[in-house]
Amino acid sequence: MFSGAQISLYPMCDDFVGVILKAISAMDFYRPNFRIETDDISTLIVGPPEQLFPAIRDLFASAAASGVHCVLSATLSRGCPGERDDPICTPISGSSHELSLAERIGAARAHVDGAKKLGQEVAAQFSLYPLGEGHHMDEIYGCIDFLKASGVFDRSKNFCTKLRGDAGPVFATLSEAFLRFGAPQGHVALDLTVSANSPSPR
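The present account deals with the structure reproduced in this document. Everything numeric in this text was worked out from a predicted model, so none of it was measured.

For the structure on display, the rule yields eight salt bridges. Salt-bridge contacts for Glu37 lead to Arg35; the nearest nitrogen and oxygen are separated by 2.7 Å. Of the residues examined, Glu37 reaches a relative accessible area of 40% and is grouped as partly exposed. Here Asp154 ties to Arg164 by a salt bridge, and the two come within 3.6 Å at their closest N and O atoms. With Asp154 in strand 6 (residues 153–157) and Arg164 in strand 7 (residues 160–166), this pair connects stretches of sequence that are 10 residues apart. A residue is classified by how much of its surface remains accessible, and Asp154, at 30% relative accessible area, is partly exposed.

Listed below in C-alpha cells is the structure:
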C-alpha cells in the first residue's frame, strides 16, 4: 500500500533554521524505513502507514520543545490509486479492518489510552477523507464517535475536528483515525494542522 505525507514545519522565531534542523534529527529512528524528499515547500515522507504519525509526532514535539510557537501543516494519504506501489509501503499486518466498525472504535480507544505522554501540549485540527465508493459516511461517523471518546476531543468545527492535549495521545488519536477508518485497501486522505505554544487565547 502506498502511504505517505507532505509536511511543512513553521517555527515562529528568528532561529527557525536551527529549530527545523534539530526537529528533523528527531526522525532519525524512522529514517531507514522512509523515502524522504525535501524541496522549498515541503518534505515528503513515504513509508509504512503505522509509522507516519509517530515520525511526525517526534518531529513536531522536538520543534515545540524549543518553546517557540510552532505550526505543522500536513497532508497524508494511504492507498492512493494514482501512485506506484512501493516496497516500503505495505498493508498493516493483521489489518484492523477484519473487525467491525464498533470493534475498531474500541481498539482505537484502547491504543490511545495506552499512549505515552510527552509533556508537550498541542492543539490540532484535521479532516478525514475516505475516498471512493462505499459507506464512507458510516466510517466518518464511526471516526467521530471514536474522537469524542478519545480524551483529547476539543470540539467540532466547520469542515474539521479540533483536538487538544498532550502530544502523545493527540498524535496517537490522529494515527488511529488515519489507520482504522475508511476502506482497508482504499484511498484515505487526511488534512492536518498542529500548533504548539501559540500566543492566541483558546
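From this point, things continue past the structure.
Attention now moves to the packing of helix 1 (residues 16–25) against helix 2 (residues 49–64). Relative to each other, helix 1 and helix 2 sit at 140°, their axes nearing to 8 Å. You can see that helix 1 and helix 2 cross each other, and the crossing is right-handed. For the pair helix 1 and helix 2, the contacting residues are Val19, Lys22, Ala23 and Ile24 in the first and Leu59, Ser62 and Ala63 in the second.

Here the focus is the sheet that holds strand 7. Taken in spatial order, the eight strands of this open sheet run 2-3-1-4-8-5-7-6, and their pairing is antiparallel. The sheet is open, and its two borders are formed by strand 2 (35–38) and strand 6, each paired with just one other strand. Each adjacent strand pair in this sheet contributes to an overall mean axis angle of 20°, direction not counted. Strand direction decides the pairing type here: strand 1 (residues 3–11) and strand 3 (residues 43–46), joined by four bridges, are antiparallel. Opposite Ile7, over in strand 3, you have Thr43 as the bridge partner. Relative to the sheet, helix 5 (residues 167–180) contacts strand 4 (70–78), strand 5 (121–130), strand 7 and strand 8 (188–196), its axis offset from that of strand 7 by approximately 145°.

Turning our attention to the packing of aromatic side chains. Pairs of aromatic rings are described using the distance from one ring centre to the other and the angle between the two planes. Tallying each qualifying case throughout the model produces four aromatic pairs. It is Arg78 that lies over the ring of Phe178; its NZ or CZ is 6.0 Å from the centre.

So, how was this worked out
Residues numbered from 1 in each chain as written. Predicted model: local features only at pLDDT ≥ 70, side-chain atom pairs only at ≥ 80, totals over all residues. Heavy atoms only, no water. Salt bridge = Lys/Arg side-chain N within 4 Å of Asp/Glu carboxyl O. Buried < 20%, exposed > 50% of the residue type's maximum accessible area, 1.4 Å probe, protein only. Helix = DSSP H or I, 4+ residues; strand = E, 2+ residues; numbered from the N terminus. Axes fitted to C-alpha atoms, helices over the stretch in contact; angles between N-to-C directions. Left-handed = near helix turned anticlockwise from the far one by under 90°. Contact = heavy atoms within 4.5 Å. Pairing = 2+ DSSP bridges. Phe/Tyr/Trp six-rings, centres within 6.5 Å; stacked < 30°, edge-to-face > 60°. Lys NZ or Arg CZ within 6 Å of the ring centre and 35° of its normal.

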